[in-house]
There are 4 protein chains.
Amino acid sequence: MALTGTRKRLNEIIFGTDSPAGKNFDVFLIWAILLSVALVLFASVESLWVRFGETFYVLEWFFTGLFTVEYLLRIYCARDRREYVTSFYGIVDLLAILPSYLALIFTGATYLMVIRLLRVLRIFRVLKLVRYLRDANLLVRSLWQARRRILVFYTSVLVICIIFGSVMFIVEGPRHGFTSIPKSIYWTIVTITTVGFGDITPHTPLGQAIASMTMLIGYSIIAVPTGIVTAELAHELGREKQLARCHNCGKSGHDADAEYCKQCGYRLEDFEEPADDDP
Amino acid sequence: MALTGTRKRLNEIIFGTDSPAGKNFDVFLIWAILLSVALVLFASVESLWVRFGETFYVLEWFFTGLFTVEYLLRIYCARDRREYVTSFYGIVDLLAILPSYLALIFTGATYLMVIRLLRVLRIFRVLKLVRYLRDANLLVRSLWQARRRILVFYTSVLVICIIFGSVMFIVEGPRHGFTSIPKSIYWTIVTITTVGFGDITPHTPLGQAIASMTMLIGYSIIAVPTGIVTAELAHELGREKQLARCHNCGKSGHDADAEYCKQCGYRLEDFEEPADDDP
Amino acid sequence: MALTGTRKRLNEIIFGTDSPAGKNFDVFLIWAILLSVALVLFASVESLWVRFGETFYVLEWFFTGLFTVEYLLRIYCARDRREYVTSFYGIVDLLAILPSYLALIFTGATYLMVIRLLRVLRIFRVLKLVRYLRDANLLVRSLWQARRRILVFYTSVLVICIIFGSVMFIVEGPRHGFTSIPKSIYWTIVTITTVGFGDITPHTPLGQAIASMTMLIGYSIIAVPTGIVTAELAHELGREKQLARCHNCGKSGHDADAEYCKQCGYRLEDFEEPADDDP
Amino acid sequence: MALTGTRKRLNEIIFGTDSPAGKNFDVFLIWAILLSVALVLFASVESLWVRFGETFYVLEWFFTGLFTVEYLLRIYCARDRREYVTSFYGIVDLLAILPSYLALIFTGATYLMVIRLLRVLRIFRVLKLVRYLRDANLLVRSLWQARRRILVFYTSVLVICIIFGSVMFIVEGPRHGFTSIPKSIYWTIVTITTVGFGDITPHTPLGQAIASMTMLIGYSIIAVPTGIVTAELAHELGREKQLARCHNCGKSGHDADAEYCKQCGYRLEDFEEPADDDP
């Protein structure tokens, strides 16, 4: 459906990024989002809340009102309303204002407003940071290519954690802080990921020996996701270069380590990505 | 020996995965295993045990009875009984029911029932998750190829830990928690793997200097297994592609970074692995 | 402007590194810098300050005087005074003496004198450690090539930390040490980087479950910068070899894994880097 | 000098590994070493010392006597006595017995006897574990090739630690456990290596912000040694294959990813390393 009149104009400003008005609107919005998130962060500090509580409260409702109006306008001027409401950004836009209203009923919901941060993802589109987006795409694609390997890896880690957690529960027992198997599994995850809070620690020699084994296993296991991601990333980096087209003559199919176009000698560093539309 | 009558039918249901009955049996079994493991986990939480102890007890014996009947049926209808009983799954099946009976004699044995989790490995076979299995194989093969390097690495780490542990015992001594050399070695492992519980920490300036050295060594050493695994994984990934056969024309011997069959142009992403029977 | 007389002679000694006098001056300066930094470190230990406070005070002003004279001489004999004062080293040279004078007004400023350490970067130039510089360049260039990917990565990590931090604040609350969202974010960073101080730890089962998720995410995420750096480093290492010129016959364009010159058979290990002037 | 009579026979037994007697002697020696090290470890546990102290004392002098006799025999029957005494193993053999005698004068020296562990390195030679040695060589060579890059890396890390340590000392101060700059540097190393003991933690918001920065820097920096080692290891792995000779026909110069000899089709997996004598 082609939009006309006010709706068309609003659509250009709110959804578009090409016209000066559309760009200004987006930059303004991003600042509003960042400020409202900062507001939530600072409002959670008790000493600040005691002093500026009222100001925080007023500002909070100012931003909620602003984003509510924006959300309604977006629905009003969207090319396809149903599509917008059910899209990723549509849901995020709704989630960004819901907590404020929910907080009138449930306390605590206010803090969910940091979800607003996700809206900042729009920044990438707005500022035409194609380069940054491409690099993000490369990372996401590498992780996506490796998804099955990562799933197998996490399943193995979980099974190891459950078994070691149970063994530690039997060996150390509630006397030394391993009060239940789920808590022992929590401890095993803390240990195998080399975080090591130290809130629960083994006290018996046998428990310390098993803990040492867990850590050394974790040491080796930490290498696996790195290996997976590196292998995929190296592969993707190579592929990206091969698919690249020279800016000067349009020649593609260069070697993965080529620095200059093999047809015209033009520097390839700033090549364009052929397809930017994949997730 | 060819099976006949009831034994043959039972064999198809219990060991087979192709017939609808065999598939349903396996899916039912996996849910029973996951539920019984969850039961063990929750039964270890004291507050839950106080409230639902009796229910847990009844359910526990229900699952034990179920798995005992299943184990006996498996022996009954196995093609080769001796082979099944001594196979990996045969032993795991036995270990999955033993703890319940042992718990009648020794307390604590109940918790060993998480070994049942290993039975879930069957899921891979059942759901024909060939893809996932192949990725698991790739990881296992990479680790297996690197086994000698990993062994050399662990031996070096252990020698370093014993020497540093002894030095820390002399420097810090029992006054600061380093009560014996084995405990100092435990501390060194905690430190060199960058876990850092903080239950034992150096207090003398010299001890802190040596601890700093240990950490910086650990920092560099953590890179070695990663390097080993990455190098092997990259190699295996390349080899897998080269051995792959095109789904369309059967052509193999493609380049490690090939995306399409070089003979017929068919996409290679979903290629079959030629040999699935290696560990 | 060509320098003459004393200024020219001073310039050769102070800025030059080729004449014996220039070399000796630089070596003397480096020792003075290292000693003055060590002085600051030891002066901060209270037990040492109590005993040697007066000596430290005298030595401190001796070094400050020395570096002040050196700074004034450098300005006096610089080829282009404005250029020197505004250059990186010029600013560092000023920052190295300022804290001592500021300490007369503000206490605490003395400790900023460790900035003197940055002056030691000169050591690379002085001792003609071209090899080491080249390796440093390689590392810096790899990181620089990967700058956009690293930025995307850090942005994602920060967004994850803010969201998880807020969730933990809601789940655990001030009772368990998560007194504000900024503090919860601090805890999330401590956890996701696998540092795990243990000064704040989750106490509720839900909090521990979310913490486990955070750690497992961190586990996977820690692989990303490694993958990025490794891929770039491998690429840079290969390029360096290809650009290398043989010492014997000057032939360049060797394979990335070549050990000997393909034209004259001369060992390539100690090849010269063609361009040393890039950052 | 050619040995004759008893000296020759003893030399074959003690230094040789080819004759059955020589092999048995070495295996016996390795068990003696491992037992004597275990003895030192267990003797440091107070509860065991209280009960078995006298037995430990007698055994300790038994092993010391044994190794003293062995050391004297080695000197007696060495082909070149001066060479043996000043060689790596000669010094280790002396260091292995010295602590026991020193302990008669200084207490504490007994614990240095874990140095005996280094003697176990002989195991590699004895059991002809050529394969394992080759893998160890590969790791050592990779680290050696990367030595300059690792040195540059450690220098940078140290400079970062000194600067951040000083800043944290100023920000947090002695009130929060940062009692001196050296201690702050210790804390920075604990944090940047992601060990995170938690014995000293920042308490001011500014300190926690700087700590977060330190951790995120450490996160990125941890990738650098991994990248260095991986790149070198991949390079060494490739070179090893290229230098390998086929067992069947002796052909060398195969591709880095070759699985079979390109001349005779013989499997290359178990190829011999051409030069085993490099460090």
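Bear in mind the structure is a predicted one, so any value in this text is a computation, not a measurement. (Residues numbered from 1 in each chain as written. Chains lettered and ligands numbered in written order. Predicted model: local features only at pLDDT ≥ 70, side-chain atom pairs only at ≥ 80, totals over all residues. Heavy atoms only, no water.)

Draft legend 1. Examining the packing of aromatic side chains more closely. The final tally for this structure, using the stated rule, is 36 aromatic pairs over all chains. A centroid spacing of 6.1 Å and a plane angle of 25° characterise the contact between A:Trp187 and B:Phe197, whose relative ring orientation is stacked. In this pair, A:Trp187 sits in helix α9 (residues 181-192) while B:Phe197 sits in the loop between α9 (181-192) and α10 (205-221), so the two residues belong to two different chains. With respect to burial, A:Trp187 and B:Phe197 carry one shared label: buried. In this structure, A:Arg7 is placed above the aromatic ring of A:Tyr76, and the distance from its NZ or CZ to the ring centre is 5.8 Å. (Phe/Tyr/Trp six-rings, centres within 6.5 Å; stacked < 30°, edge-to-face > 60°. Helix = DSSP H or I, 4+ residues; strand = E, 2+ residues; numbered from the N terminus. Buried < 20%, exposed > 50% of the residue type's maximum accessible area, 1.4 Å probe, protein only. Lys NZ or Arg CZ within 6 Å of the ring centre and 35° of its normal.)

Draft legend 2. Representation of unusual backbone geometry within the structure. Residue and element names in this part refer to chain A. In the Ramachandran plot, Thr 194 falls in the positive-phi region, its phi being about 60° despite a non-glycine side chain. Mapped onto the elements, Thr 194 comes out in the loop between α9 and α10 (205-221). Its relative accessible area of 1% is what places Thr 194 among the buried residues.

Draft legend 3. Just the packing of α10(B) against helix α8 (residues 147-172) of chain D, in detail. For the pair α10(B) and α8(D), the least separation of the axes is 12 Å and the interaxial angle reads 135°. As the angle between them shows, α10(B) and α8(D) are arranged oblique. Both α10(B) and α8(D) take part in a crossing whose hand is right-handed. Where α10(B) abuts α8(D), its residues B:Leu216, B:Ile217, B:Tyr219 and B:Ser220 lie against D:Ile150, D:Phe153, D:Tyr154 and D:Val157. (Axes fitted to C-alpha atoms, helices over the stretch in contact; angles between N-to-C directions. Parallel < 35°, antiparallel > 145°, perpendicular 65-115°, else oblique. Left-handed = near helix turned anticlockwise from the far one by under 90°. Contact = heavy atoms within 4.5 Å.)

Draft legend 4. Focus on the UniProt feature "transmembrane region" (unreviewed entry) in chain A. Residues and elements named next belong to chain A. Sequence positions flagged by UniProt for "transmembrane region" (unreviewed entry) are, in local numbering, residues 28-49, 56-76, 96-118, 151-171 and 209-231. Taken end to end, residues 28-49 has its terminal C-alpha atoms 26 Å apart, with 91% of it in helix and 0% in strand. Taken end to end, residues 209-231 is 96% helix and 0% strand, and its two terminal C-alpha atoms sit 34 Å from one another. (UniProt positions renumbered as here; feature names shortened; annotations may be inferred.)

Draft legend 5. Representation of the nonpolar core within the structure. By size, the foremost hydrophobic cluster in this structure holds 132 residues, and its most contacted members are A:Met215, B:Met215, C:Met215 and D:Met215. Not counting the four nearest positions on each side in its chain, D:Met215 is found in contact with C:Tyr186, C:Ile189, C:Val190, C:Thr193, C:Val195, C:Phe197 and D:Thr191. Judged by nonpolar contacts, the second largest core, of 18 residues, contains B:Ile14, B:Val37, B:Phe67 and B:Tyr84. (Core = buried A, V, L, I, M, F, W, Y, C linked by side-chain atoms within 4.5 Å.)

Draft legend 6. Representation of the pattern of salt bridges within the structure. All names here are of chain C. Under the defined criterion, the tally for this structure stands at twelve salt bridges over all chains. Across the salt bridge formed by Glu 12 and Arg 9, the nearest N and O atoms sit 3.8 Å from each other. Within this pair, Glu 12 and its partner Arg 9 are both found in helix α1 (residues 5-14), separated by three residues, close to a single helical turn. For Glu 12, a relative accessible area of 35% gives the class partly exposed. (Salt bridge = Lys/Arg side-chain N within 4 Å of Asp/Glu carboxyl O.)

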